[in-house]
Amino acid sequence: GMEWVCRTKTKQFKGLKGLIQRTDKGPKKQLICLSLEPDVPLNGSEPILCNGEVVGYIRRAAAGYTVQKVIGYGYAEGHQMEGVEMAEAEWEVNVGGKIHKAELHQQSLYDPKGEMLCL
């Protein structure tokens, strides 16, 4: 997770070849933001499903009062995510054995264009 610190173009060090091979494969996990209906009791540690496969777990959950939804952040990880178009995938969260539809957000839920900013 700290590959960005290494100066791979200007410095030679032990393990450089392995680091370059690892970073060329892409990230192992990706932080995602999901929103669910406001009545879903999301607490954290619930499985995240992408196209019916478990790809990670909710790490943080909170009520989004402004957007009228429950918001969950988690990591989608592993080989299950290879070749998946995230925006077009079907996202769900398993809460207490019940599957709830979720919406993936790739921008801010509240004011994604920054029109409400007061500068």
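Use the structure listed above.
Within each chain, residue numbers correspond to sequence positions counted from 1 in written order. Where local features are concerned, this predicted model is filtered to residues with pLDDT of at least 70; where side-chain atom pairs are given and counted, the filter is 80 or more; whole-chain, interface and lining totals use all residues. Neither water nor hydrogens contribute to the side-chain values; these are computed over all heavy atoms in the structure.

(A) Summary view of the sheet that holds strand S2 (residues 47–50). Strand order in the closed barrel formed by six strands is S1-S4-S3-S2-S5-S6, with antiparallel pairing between adjacent strands. Along the sheet, successive strands turn relative to each other by an average axial angle of 40°, direction set aside. Bridge count for S2 against strand S5 (residues 91–95) is three bridges, and the pairing is antiparallel. Residue pairing across strands places Ile48 opposite Val93, the latter belonging to S5. The rule for pairing is simple: two strands pair if DSSP sees at least two bridges between them. Numbering goes from the N terminus for both helices and strands, where a helix is a DSSP run of H or I of at least four residues and a strand is a run of E of at least two. As a rule, the C-alpha atoms of each element are fitted with a line to give its axis, helices using only the stretch in contact, and angles between N-to-C directions run from 0 to 180 degrees.

(B) Looking closely at the environment of Asn94. Here Asn94 lies in strand S5. Considering only alpha carbons, one finds Asn94 and Pro47, 47 residues apart in sequence, at a separation of 5.4 Å. Note on definitions: a residue-residue contact is assigned when non-hydrogen atoms from the two residues lie within 4.5 Å. For Asn94, the contacting residues outside a window of four places in its chain are Glu46, Pro47, Leu49 and Ile99. Under this definition, polar contacts are N or O atom pairs within 3.5 Å; protein pairs additionally need one hydrogen-donor-capable and one acceptor-capable atom, and for neighbouring residues in sequence, both atoms have to be side-chain atoms. Here the side chain of Asn94 touches Lys98 through a polar contact of 3.5 Å, landing on its backbone nitrogen.

(C) Seen up close, the packing of aromatic side chains. Between 30 and 60 degrees the pair is tilted, below 30 it is stacked and above 60 it is edge-to-face, where a pair is any two Phe, Tyr or Trp rings, Trp via its six-membered ring, whose centres lie within 6.5 Å. The final tally for this structure, using the stated rule, is zero aromatic pairs. The positively charged end of Lys29 is found above the aromatic ring belonging to Tyr75, 4.7 Å away from the centroid. Any Lys NZ or Arg CZ found within 6 Å of a ring centre and within 35 degrees of that ring's normal is scored as a charge over the ring.

(D) Main features of the nonpolar core. Here, nonpolar core means buried Ala, Val, Leu, Ile, Met, Phe, Trp, Tyr and Cys residues that are tied together by side-chain atoms lying within 4.5 Å of each other. Throughout this description, buried means an accessible area under 20% of the type-specific maximum (1.4 Å probe, protein chains only), exposed means over 50%, and partly exposed covers the range between. Judged by nonpolar contacts, the single largest core of 18 residues is most densely connected at Ile32, Leu34, Leu42, Ile48, Trp91 and Val93. What Ile32 contacts, discounting residues up to four positions off in sequence, is Ile48, Gly72, Tyr73, Gly74, Ala76, Met86, Trp91 and Leu104.

(E) Structural context of the pattern of salt bridges. Salt bridge, as applied in this entry: a Lys or Arg side-chain nitrogen positioned within 4 Å of an Asp or Glu carboxyl oxygen. Within the structure shown, the criterion is met by four salt bridges. One salt bridge connects Lys101 with Glu90, and the closest N-O pair in it is separated by 2.8 Å. Highlighted residues: Lys101 in strand S6 (residues 98–105) and Glu90 in the loop between strand S4 (69–77) and S5, separated in sequence by eleven residues. Judged by its relative accessible area of 56%, Lys101 falls in the exposed class. Among the residues examined, Glu90 registers a relative accessible area of 40% and is labelled partly exposed. Connected through shared salt-bridge partners, Glu90, Glu92 and Lys101 make up one network.

(F) Geometry of the pairing of S4. With eight bridges connecting them, strand S1 (residues 29–36) and S4 associate as antiparallel partners. Bridge pairing in S4 places Ser35 opposite Ile71. From the end of strand S3 (residues 53–64) to the start of S4, which pair antiparallel, there are four residues, and Gln68 there has a positive phi angle of about 60°.

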